[in-house]
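# Per-entry structural report
What follows is the residue order along each chain.
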Amino acid sequence: DPVTLTGGGANSYSWNKGVTNGQAFNPISTDTYTVTGTTNGCSNTAQVTVTVKPKPTVTANATSTSICTGDPVTLTGGGATTYSWNKGVTDGSPFNPPSTDTYTVTGTTNGCSNTAQVTVTVSTTLPLAANATSTSICTGEPVTLTGSGATTYSWNKGVTDGQAFNPTATDTYTVTGTSGNCSNTD
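Below or above, wherever it landed, is the structure these notes cover.

## Quick notes on the sheet that holds strand 13 (residues 129–132)
- Strand order in the open sheet made by the three strands is 13-14-16, with antiparallel pairing throughout. Sheet topology places strand 13 and strand 16 (164–165) at the edges, where each strand pairs with a single neighbour.
- Note that strand 13 and strand 14 (residues 143–148) share four bridges and pair antiparallel. Each residue of the ladder has a partner; that of Asn 131, found in strand 14, is Thr 146.

See below:
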């Protein structure tokens, strides 16, 4: 952060450490600066200490970075004392993003701030897959069908996800996967 040092009580001022009176500069560490003020050939000095505090290491966290349309997500900041989000988001409160977007949080500790970002991807479909322990079996052999890419799975033809069964003939099975408000079939 920039700081501007100015002397007072004299006609001209000379600072040490390369500081120019009345011009902003960016100190890199805590330091004490001395100004010499002069009026009519008489001089005196004064000092000021500028304390440089570290910026917090802020993180932007989401309960999920990939959600379905209508599903809630909660964004929380980390690494600071207080947090302020853009786009009307309240830290720690669930909301329903209308579309994929990037959110920025500003975290502040002891008057120093830093930012972090998180992108929440909003999808209308799931990357669903139907899986089988084997797609070619002999009569009487069991097969297990499982879905992946969703939270819950529902199969047609009386099949239970993840449970072995013995098909009696060649057939095609369909799984419907659901996560929140999203669903898809395979």
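Anyway, onward from the coordinates.
## Considering the pattern of salt bridges
- Under the defined criterion, the tally for this structure stands at three salt bridges.
- Across the salt bridge formed by Asp 31 and Lys 17, the nearest N and O atoms sit 2.6 Å from each other. Linking Asp 31 in strand 4 (residues 31–39) with Lys 17 in the loop between strand 2 (12–15) and strand 3 (24–25), this pair joins segments that are 14 residues apart in sequence.
- In this structure, Asp 171 and Lys 157 form a salt bridge, with 2.5 Å as the shortest nitrogen-oxygen distance. Taken together, the residues span a long stretch of sequence, with Asp 171 in the loop between strand 16 and strand 17 (175–179) and Lys 157 in the loop between strand 15 (152–155) and strand 16 at a distance of 14 residues.
- The class of Lys 157 is partly exposed, set by a relative accessible area of 48%.

## As for the sheet that holds strand 9 (residues 82–85)
- Taken in spatial order, the four strands make up an open sheet running 7-12-11-9, and their pairing is mixed. Here the strands that pair on one side only, and so sit at the sheet edges, are strand 7 (66–68) and strand 9. Across this sheet, the average inter-strand angle for adjacent strands is 35 degrees, counted without regard to direction.
- With three bridges connecting them, strand 7 and strand 12 (residues 112–123) associate as parallel partners. For Ile 67, the partnering residue across the bridge sits in strand 12 and is Val 122.

Each value, and the rule that gives it
Residues numbered from 1 in each chain as written. Predicted model: local features only at pLDDT ≥ 70, side-chain atom pairs only at ≥ 80, totals over all residues. Heavy atoms only, no water. Pairing = 2+ DSSP bridges. Helix = DSSP H or I, 4+ residues; strand = E, 2+ residues; numbered from the N terminus. Salt bridge = Lys/Arg side-chain N within 4 Å of Asp/Glu carboxyl O. Buried < 20%, exposed > 50% of the residue type's maximum accessible area, 1.4 Å probe, protein only. Axes fitted to C-alpha atoms, helices over the stretch in contact; angles between N-to-C directions.

Any functional reading would require information that these geometric values do not contain.
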